[in-house]
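# Observations on the model geometry
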Amino acid sequence: MFRVWAKEIKKGKILRDTVVIDERENINRTKMVTDALFEVCNRFDLAVPVWLEHNINEFKYSAKTRFNSDNFMEEIEFDYLEFKVLEEVTGLVRR
């Protein structure tokens, strides 16, 4: 199971948030992350942000990153989009 929590933040307040759950098996982590980000952007009606080098490094280290106006090609109405892995379980055997 793979769960991601995404939230739009403006002036320290959550404007909206969502949790994306992916229960597919045999999918690599990168695919799950990109699919979850696409799903978040679809739910929030946002363009998909660009992963900059600092986002990649931050995500590798802490499984969390923030996308601000530098990551979006269009103007955004919030300060940043926080994207965080809540749960990541791989290799489960279901009986």
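Residues numbered from 1 in each chain as written. Predicted model: local features only at pLDDT ≥ 70, side-chain atom pairs only at ≥ 80, totals over all residues. Heavy atoms only, no water.

Here we come to the pattern of salt bridges. Per the counting criterion, the structure on display carries eight salt bridges. Salt-bridge contacts for Asp 35 lead to Arg 24; the nearest nitrogen and oxygen are separated by 2.6 Å. Placement of Asp 35 in helix H1 (residues 29–44) and of Arg 24 in the loop between strand S2 (13–22) and H1 is noted, with a sequence separation of eleven residues between them. Residue Asp 35 is classed as partly exposed on the basis of its relative accessible area of 22%. Here Arg 24 falls in the partly exposed class, since its relative accessible area comes to 39%. The salt bridge involving Lys 31 is made with Asp 35; its shortest N-O contact spans 3.2 Å. In this pair, Lys 31 and Asp 35 are both assigned in helix H1, four residues apart and thus about one turn of the helix distant. One continuous salt-bridge network, built from bridges that share partners, spans Asp 22, Arg 24, Lys 31 and Asp 35. (Salt bridge = Lys/Arg side-chain N within 4 Å of Asp/Glu carboxyl O. Helix = DSSP H or I, 4+ residues; strand = E, 2+ residues; numbered from the N terminus. Buried < 20%, exposed > 50% of the residue type's maximum accessible area, 1.4 Å probe, protein only.)

Attention now goes to the confidence of the model for the protein. Across the protein, the average pLDDT comes to 92, with 94% of residues at or above 70. Here strand S4 (residues 80–88) stands out as the least confident element of the protein, with mean pLDDT 93; strand S3 (residues 64–67) is the most confident, with 98. (pLDDT = per-residue confidence, 0-100.)

Right, let's get into the environment of Leu 46. Tracing the chain through its elements places Leu 46 in the loop between H1 and helix H2 (53–62). You can call Leu 46 buried: its relative accessible area is 18%. Those residues in contact with Leu 46, other than ones at most four positions away along the chain, are Glu 8, Cys 41, Phe 72, Phe 78 and Leu 81. (Contact = heavy atoms within 4.5 Å.)

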